[in-house]
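The residues making up each chain are set out below.
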Amino acid sequence: MPELPEVEVVRAGLARRVVGATIASVEVLHPRPVRRDPRGPTGFAAALTGRRLEGARRRGKYLWLPLDNGDALLGHLGMSGQLLVRPPGSGPERHLRVRIALEGAADDAELRFVDQRMFGGLSVSAGGAELPPEIAHIARDPLDPEFDEDAFVAKVRRRSSGIKRQLLDQNLVSGVGNIYADEALWRARLHGERPGDRMTARQVHELLGQAREVMNEALGQGGTSFDALYVNVNGESGYFDRALHAYGREGEPCERCGTPMRRVAFMNRSSFFCPVCQPVPRRRRTSPVPRSVAD
Ligand SMILES: [Zn+2]
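So, a few notes on the structure that sits alongside this text. (Residues numbered from 1 in each chain as written. Predicted model: local features only at pLDDT ≥ 70, side-chain atom pairs only at ≥ 80, totals over all residues. Heavy atoms only, no water.)

### Here's the deal with the pattern of salt bridges
Evaluated as defined, the whole model comprises 22 salt bridges. One salt bridge in this structure joins R187 and E213, with 4.0 Å as the shortest N-O distance. With R187 in helix α5 (residues 178-188) and E213 in helix α6 (residues 201-220), this pair connects stretches of sequence that are 26 residues apart. Through salt bridges with shared partners, a single network forms among E27, R86, E93, R99, E110 and R112. (Salt bridge = Lys/Arg side-chain N within 4 Å of Asp/Glu carboxyl O. Helix = DSSP H or I, 4+ residues; strand = E, 2+ residues; numbered from the N terminus.)

Right, dumping it as structure tokens:
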């Protein structure tokens, strides 16, 4: 699944390749990826045709291309989606779902939405050029210069839920996916089940700093590529997996202390951690035990 650094790589690629172009035609080859557009496939195509692409922006893992009429083309890559910029004549990809012909950019090209599993999709966001209302509830990500770190730390410390669950909560902070959460927790020597209200402000700041660092490293390397389906805007895979210390390393020695890394189930996915560097937090007492009984 593409995580934030991959999505940022795609955004930067789109900014270079398609901004300034005009949409000449739109072909929806499968209705599912445009299911969130109330206009339906035909209305989706009509709302885009003739519009000029004014930018390439991102909030968390959502991308949008502001249009010259104040609307926006909003996209999410889901589990397996790709946005590719291809020469017009090149053969269709196996899972090509939407084809958008562009003219007037540096060279004529097609913007293609390719998605095998189709959890992702595209829609036209009415009035969404500045910030699509559909995603206005999503928190900023740690790489966003306007991310309010102190507010994040305060919110985390008011909640009793586990810190990893909070890191993945898009209403608190966006873009920290499962892989980067595990890496940041390993680097900060924290267990993901540690309750937010049992962390110091310093620990939360440290964890966020580690998350930011691991995401920046991934960005520098073009994004993580665990999923063979993921490729960036030009179709090249990113390579970051060699730099991972936690994710996917079950049974391998911790790079700090040599203890075999563990894997546990977590929200239909997995968490990887070192049981020594990242000790499981002690259970919280739910209610004080009466002295007479405890004795
Ligand atoms: Zn360790």
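### Focus on the pairing of strand β6 (residues 96-103)
β6 sits mainly inside the fold: seven of its eight residues count as buried. Where strand β1 (residues 22-28) and β6 come together, six bridges link them in antiparallel fashion. Within β6, the position partnered with V26 by the bridge is I100. Direction of pairing for β6 relative to strand β7 (residues 109-115): antiparallel, over a ladder of six bridges. (Buried < 20%, exposed > 50% of the residue type's maximum accessible area, 1.4 Å probe, protein only. Pairing = 2+ DSSP bridges.)

### Section: the coordination of the zinc ion
The coordination sphere of the zinc ion contains the protein donors C254 (SG), C257 (SG), C274 (SG) and C277 (SG), at a distance range of 2.3 Å. Metal-centred angles of 100 to 113° between the four donor atoms at the zinc ion mark the site as tetrahedral. Going along the chain, you hit the donors of the zinc ion in the pattern C-x2-C-x16-C-x2-C. Remark: C277 occurs in the loop between β10 (269-273) and α7 (291-294) and C257 occurs in the loop between α6 and β9 (262-266); sequence separation between them is 20 residues. (Donors = N, O, S within 2.8 Å, 3.2 Å for Na, K, Ca; no water. Tetrahedral: all angles 85-135°; square planar, octahedral: opposite > 155°, others 65-115°.)

### Notes on the sheet that holds strand β5 (residues 81-86)
The four strands are arranged β1-β6-β7-β5 in an open sheet whose pairing can be described as antiparallel. The open sheet has two edge strands with one neighbour each: β1 and β5. Strand-to-strand twist of the sheet, defined as the mean angle between neighbouring strand axes without regard to direction, takes the value 20°. Docked against the sheet, helix α2 (residues 40-48) engages β1 and β6, running at close to 170° with respect to β1. (Axes fitted to C-alpha atoms, helices over the stretch in contact; angles between N-to-C directions. Contact = heavy atoms within 4.5 Å.)

### Some thoughts on unusual backbone geometry
Residue R189 is not a glycine yet carries a positive backbone phi of 55°. Within the fold, R189 resides in the loop between α5 and α6. Unlike most non-glycine residues, N268 shows phi in positive territory, near 65°. Take N268: it is sitting in the loop between β9 and β10.

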